[in-house]
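If you want the building blocks of each chain, they are given just below.
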Amino acid sequence: MWKTVAIVGVGLIGGSIGLALRERKLAENVIGIGRRTSTLRKARDVGAVTSTTLRLEQGVASADLIVVATPVDQIAENVRQAVAHCPAGALITDAGSTKSQIVRTLHETLPPTTRFVGSHPLAGSEKNGPAAAAANLFEGRVVVVTPRRNGPGDVAAAVADFWSALGATVFLMSPEAHDEVIAATSHLPHLIASLVAQATPREDLPLAASGWQDTTRIAAGDPQLWTQILLDNRANVLKALGRFEKSLGRVRTALERGESKPLAKLLTEAKAIRDALQT
């Protein structure tokens, strides 16, 4: 489908994109671009890329498709650099967990002919780096593509086709709607998992059973990366946190009063919502 794909940032997500492209024979060349020689070497070792470079301008020079899979605070600048050095007409997307600020910043600074549309693959792990990458990471998973209002529809469709080719189910949403929903379904859960882990005394860990382990698994994610994500989407995270605090208040009141009905009602509502997901 593509002659040359450049991936800026070959960690878990970028490495998995490279592996999926190569396993599905969707690209002749997959160029990994990064800032650390050791990470690029590992990406080559696991077969995620066909070549690597520390120089972004060199890596994107002949790319048909560019995917920026760096931390959210680096994405806008990486895209701007890519636009300055890639061929005219190259398709560009990113894999950031927040979208509004990135899309708005790029819309204000990039030439109107730039073929950029934001993306967010809802796939990942508490692990990081190319050693954790998997060719099937996106199979059956959701990717949200976030075109700006009145943006060119063909570019959004092309980005959607890219993720579909990797096995993902694609949703199109505005950047603003994406950030509001993801605050509730991804960012708040990570924060709560971290709070549960942080509030657990270390001496109690020998008795941490599967419930604690399942609840706190995502708290093992990169703290620096998640600090950036939570701050970037803080307005929506605060709204989601407010809803959580309201529910938490209901639980506290029921426990303090020893009332079973409101506690059972909340647990029943929670079970119904979780069961509706059917996974």
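Residues numbered from 1 in each chain as written. Predicted model: local features only at pLDDT ≥ 70, side-chain atom pairs only at ≥ 80, totals over all residues. Heavy atoms only, no water.

Chemist: Teacher, can you tell me more about the nonpolar core here?
Modeler: Nonpolar side chains tend toward joint burial in soluble globular proteins. Grouped together as the largest cluster of nonpolar side chains are 38 residues, with contacts concentrated most on I17, L21, F138, F162, W163 and L166. When contributions to this core are tallied by element, the ones reaching two or more residues are β1 (2-8), α1 (12-23), β2 (27-33), α2 (37-45), β4 (65-68), β8 (142-146) and α6 (153-165). When residues no more than four places from it in sequence are discounted, the contact partners of L21 are W2, V5, L26, A27, V30, F162 and L166. Counting 27 residues, the second-largest nonpolar core is a separate cluster that includes V8, V68, I229 and V237. (Core = buried A, V, L, I, M, F, W, Y, C linked by side-chain atoms within 4.5 Å. Buried < 20%, exposed > 50% of the residue type's maximum accessible area, 1.4 Å probe, protein only. Helix = DSSP H or I, 4+ residues; strand = E, 2+ residues; numbered from the N terminus. Contact = heavy atoms within 4.5 Å.)

Chemist: Please explain the sheet that holds β8 as it appears in this structure.
Modeler: Taken together, the three strands give an open sheet; going across it, the order is β7-β8-β9, and neighbouring strands pair in mixed fashion. Each edge of the open sheet carries a strand with a single partner, namely β7 (118-121) and β9 (169-172). The mean inter-strand angle of the sheet, taken between neighbouring strand axes irrespective of direction, is 25°. (Pairing = 2+ DSSP bridges. Axes fitted to C-alpha atoms, helices over the stretch in contact; angles between N-to-C directions.)

Chemist: I keep staring at the packing of helix α7 (residues 175-198) against helix α10 (residues 234-257) and nothing clicks. Help me out?
Modeler: Describing two packed helices takes the angle between their axes plus the distance from one axis to the other. Axis separation between α7 and α10 bottoms out at 8 Å; the angle between their running directions is 65°. As α7 runs across α10, the sense of the crossing is right-handed. Note on element contacts: α10 touches α7 through N236, V237, A240, L241, R243 and F244, opposite D179, E180, A183, A184, H187, L188, L191 and I192. (Left-handed = near helix turned anticlockwise from the far one by under 90°.)

Chemist: Even after reading the chapter, I still don't get the environment of R104, so can you show me in this structure?
Modeler: Here R104 shows up in helix α5 (residues 100-109). Taking the C-alpha atoms as reference points, R104 and R148, separated by 44 residues in sequence, lie 8.1 Å from one another.

Chemist: Looking at this structure, how should I read the pairing of β9?
Modeler: Sheet faces and side chains relate simply in a regular strand, where the side chains alternate between the two faces. When β8 meets β9, the two strands line up parallel, connected through four bridges. Of the residues in β9, the one forming a bridge with V144 is F171.

Chemist: I tried to follow the packing of aromatic side chains on my own but got confused; where do I start?
Modeler: Two aromatic rings, taken as a pair, are described by how far apart their centres are and by the angle between their planes. Scanning the model with the defined rule gives three aromatic pairs in all. Each ring, one from F138 and one from W163, has its centre 5.5 Å from the other, and the planes form 70°; the classification is edge-to-face. In this pair, F138 is assigned in the loop between β7 and β8 and W163 in helix α6, connecting sequence segments 25 residues apart. Both residues of the pair, F138 and W163, belong to the buried class. (Phe/Tyr/Trp six-rings, centres within 6.5 Å; stacked < 30°, edge-to-face > 60°.)

Chemist: Mind showing me how you'd approach the packing of α7 against helix α9 (residues 223-232) here?
Modeler: Put simply, α7 and α9 touch, their axes get as near as 11 Å, and they point 125° apart. Overall, the two elements α7 and α9 adopt an arrangement that is oblique. Seen from above, α7 lies across α9 with left-handed handedness. On α9, the residues that touch S186, H187, H190 and L191 of α7 are W226, I229 and L230. Among the residues forming the contact of α7 with α9, the class breakdown is four nonpolar, three polar and no charged. (Parallel < 35°, antiparallel > 145°, perpendicular 65-115°, else oblique. Nonpolar A, V, L, I, M, F, W, Y, C, P; charged D, E, K, R; others polar.)

Chemist: I keep staring at the pattern of salt bridges and nothing clicks. Help me out?
Modeler: All chains considered together, the criterion is met by nine salt bridges. For E28, the salt bridge is made with K3, and the minimal N-O distance between the two is 3.4 Å. On the criterion of sequence distance, the pair formed by E28 in strand β2 and K3 in strand β1 is long-range, its members being 25 residues apart. The class for E28 is exposed, based on a relative accessible area of 54%. Here E269 and K265 are joined by a salt bridge, their closest N and O atoms 2.5 Å apart. (Salt bridge = Lys/Arg side-chain N within 4 Å of Asp/Glu carboxyl O.)

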